[in-house]
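Notes for the structure review
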Amino acid sequence: MVGSAFKGKLMIYQGKETSLGREFLLSPQAEAVRKVAESLYPQYLSDCVSEGKEISPVAVPVLDDEFMMSRAARWARILAESTFAEYVMEKKKVEHTIVFFGSARIHPPGENSSPQAEALSHYYEECRELSYKITKWSLSKGNEEHPQPFVVTTGGGPAIMEAGNRGAHDAGGKTIGLNIALPMEEKPNPYIPQDYNFYFHYFFTRKFHFSYRAKFLVAFPGGFGTLDELFEILTLIQTRKIN
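Residues numbered from 1 in each chain as written. Predicted model: local features only at pLDDT ≥ 70, side-chain atom pairs only at ≥ 80, totals over all residues. Heavy atoms only, no water.

**Focus: the overall build of the protein**
- On a plain count of helices and strands, the protein comes out with 9 helices and 8 strands.
- For 243 residues, the compact-globule estimate of 2.2 N^0.38 gives 18 Å, and the C-alpha radius of gyration of the protein, at 20 Å, lies within 12% of that figure.
- Taking the principal axes of the C-alpha coordinates as reference, the protein spans close to 60 × 45 × 40 Å.
- Out of the 243 residues belonging to the protein, those deemed buried represent 47%.
- Taking the contacts inside the protein whose residues are at least 6 apart along the sequence as the reference set, 61% of them involve residues at least 24 apart.
- A total of about 13,000 Å² of accessible surface is found on the protein, and carbon and sulfur atoms cover 55% of it.
- Here the protein carries 27 positive and 29 negative side-chain charges, and the mean point of each set is 3 Å from the other. (Helix = DSSP H or I, 4+ residues; strand = E, 2+ residues; numbered from the N terminus. Rg over C-alpha atoms; globule rule 2.2 N^0.38 Å. Buried < 20%, exposed > 50% of the residue type's maximum accessible area, 1.4 Å probe, protein only. Contact = heavy atoms within 4.5 Å. Areas by Shrake-Rupley, 256 points an atom, 1.4 Å probe, with all protein chains shown as cover. Lys, Arg positive; Asp, Glu negative; His and termini not counted. Charge placed at Lys NZ, Arg CZ, Asp CG, Glu CD.)

**Side note on the sheet that holds strand β8 (residues 214-219)**
- If you walk across this open sheet you meet the 5 strands as β7-β6-β5-β4-β8, and the pairing is parallel. The open sheet has two edge strands with one neighbour each: β7 (197-200) and β8. Adjacent strand axes in the sheet meet at a mean angle of 20°, parallel and antiparallel pairs treated alike.
- Where strand β5 (residues 150-154) and strand β6 (residues 175-180) come together, 3 bridges link them in parallel fashion. Looking at the pairing, Val152 lines up with Thr175 of β6.
- In the packing of helix α8 (residues 203-212) onto the sheet, the strands contacted are β4 (96-101), β5, β6, β7 and β8, and the crossing angle to β6 comes to about 160°. (Pairing = 2+ DSSP bridges. Axes fitted to C-alpha atoms, helices over the stretch in contact; angles between N-to-C directions.)

This is the structure we're talking about:
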């Protein structure tokens, strides 16, 4: 998604590669992103000149790395981040998701760093088993056009999130990880197919994609992040913003 710099066809955020690049930015699906960038570009160039910065203007603003990572291009980045995830979901024919929320600290039994986490480690296996059963059920409901109508989706990180992706992987299904780029943690777990592995810079665009296709929500024990995500969904249901 949106990271710290464009590198050819990849974007890098804190050393993490994602697939937001030229192919998407020049595609019909990114027309709105290009238009927003074009509207912001002249002021950006003017400000750079006023500040005495060296600039190398390009014909297509979204391909100007320095501009796209500047404060001036924030609206274009936000739109690009959200639109790219939608672009890939449609391309992969992901219609419905089953979202798993849970701790990034509860690992499999015997692999936890504290007695408190170890006491909760059975939730890892329970999450993995539930995801496995859901994915097997989803695959049994599939057809040629949509072989897996429901895709297990997690935050893409370790612990309970890993268990959700792992169970779906064990069942032979696809599974999605909606990672968030953080300074201290969160690298994707190894059970997410590369094409279904997303990085978000903005929490609110990530939350949108958690809820947009969701038909079911499963919440396991977790911390502030899990509670934040859960209560956001409950608030949207209470206010009838989603069904």
